[in-house]
Amino acid sequence: LRNQVARLGVVFVKLAQTLATRPDIVGEEAAGALESLQDQNKPFDDRLARSRIKIALENSLLHIVDLQGPVAAASLAQVYRASTSNGSQ
């Protein structure tokens, strides 16, 4: 069930995360299966994330010089560690 919901996209993941807290509505078994969507999300496509970061910073004064792989993944976002041309991290 967890994998099927994850494939449907972030809107369904958010809904399932909420339902995981309501075993009185979806039942204990379903709530237990959906519970891992709250804190065990897999990173999404790294190429897509890097492309989005590049586009977001395109008109910025900051320039990424070192972008490492994802450090954390959530249902709506992913966290990367990066260094900029001015030395910020």
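S.K.: Any chance you could explain the pattern of salt bridges here in plain terms?
M.R.: In a structure, side chains of opposite charge can pair up when their charged atoms sit close to one another. Within this structure, the stated rule accounts for three salt bridges. In this structure, Arg-22 and Asp-24 form a salt bridge, with 2.5 Å as the shortest nitrogen-oxygen distance. Given the relative accessible area of 58%, Asp-24 is considered exposed.

S.K.: Please explain the packing of helix H2 (residues 10-20) against helix H4 (residues 28-35) as it appears in this structure.
M.R.: Helix-helix packing is described using two parameters, namely the angle between the two axes and the distance between the axes. At a closest axis distance of 8 Å, the pairing of H2 and H4 adopts a crossing angle of 130°. Taken together, the axis directions place H2 and H4 in an arrangement best described as oblique. When you trace H2 past H4, the crossing you get is left-handed. Judged by residue contacts, Ala-16, Leu-19 and Ala-20 of H2 engage Ala-31, Leu-34 and Glu-35 from H4. Here the residues of the contact of H2 with H4 are counted per class, giving five nonpolar, no polar and one charged.

S.K.: Would you explain H2 in this entry?
M.R.: Residues spaced three or four apart along an α-helix point in a common direction, a consequence of the helix completing one turn every 3.6 residues. Among the residues of H2, those classed as buried are Val-13, Ala-16, Gln-17 and Ala-20. Take H2 and look down its axis: the buried residues cluster within an arc of 105°, on one side only.

S.K.: What am I meant to see in the environment of Ala-49 here?
M.R.: Along the chain, Ala-49 turns up in helix H5 (residues 46-56). Judged by relative accessible area, which is 6%, Ala-49 ranks as buried. C-alpha separation for the pair Ala-49 and Val-79, spaced 30 residues apart in sequence, amounts to 9.7 Å. Discounting residues that sit within four places of it in the chain, Ala-49 has contacts with Phe-44, Gln-78 and Tyr-80.

S.K.: Explanation requested: the nonpolar core in the structure shown.
M.R.: A general tendency of soluble globular proteins is for nonpolar side chains to be buried together. With six residues, the main nonpolar core is built from Val-5, Val-13, Ala-16, Ala-20, Leu-34 and Leu-37. Take this core: its biggest share by element is three residues, from H2. Those residues within four positions of Val-5 in sequence are excluded, and the remaining contacts are Phe-12, Val-13, Ala-16, Leu-34 and Leu-37.

Cut-offs applied
- Throughout this document, residue positions are counted from 1 along each chain, in the order its sequence is written.
- Restriction of local features to residues with pLDDT of at least 70 applies here, the model being predicted, together with a cutoff of 80 or more for giving and counting side-chain atom pairs; totals for whole chains, interfaces and linings are based on all residues.
- Side-chain metrics rest on all non-hydrogen atoms present in the structure, leaving aside hydrogens and water.
- Just to be clear on terms, a salt bridge is a Lys or Arg side-chain nitrogen sitting within 4 Å of an Asp or Glu carboxyl oxygen.
- Accessibility here uses a 1.4 Å probe with only protein chains present; expressed as a share of the type maximum, an area under 20% marks a residue as buried, one over 50% as exposed, and anything in between as partly exposed.
- Orientation is described by lines fitted to C-alpha atoms, with helices fitted over the stretch in contact, and by angles between N-to-C directions that extend from 0 to 180 degrees.
- A run of DSSP states H or I qualifies as a helix once it reaches four residues; a run of E qualifies as a strand once it reaches two. Both are numbered from the N-terminal end.
- Roughly parallel refers to an angle under 35 degrees, roughly antiparallel to one over 145, roughly perpendicular to one between 65 and 115, and oblique to any angle outside these ranges.
- In this scheme, a crossing is called left-handed if the near helix is turned counterclockwise away from the far one by less than a right angle; it is called right-handed if the turn is clockwise.
- The contact criterion used is simple: two residues touch if any of their non-hydrogen atoms lie within 4.5 Å.
- Amino acids outside the nonpolar list (Ala, Val, Leu, Ile, Met, Phe, Trp, Tyr, Cys, Pro) and the charged list (Asp, Glu, Lys, Arg) are all regarded as polar, and Gly is one of them.
- Think of the arc as the fan of directions from the helix axis to the C-beta atoms.
- In this text, buried Ala, Val, Leu, Ile, Met, Phe, Trp, Tyr and Cys residues form a nonpolar core when linked through side-chain atoms within 4.5 Å.

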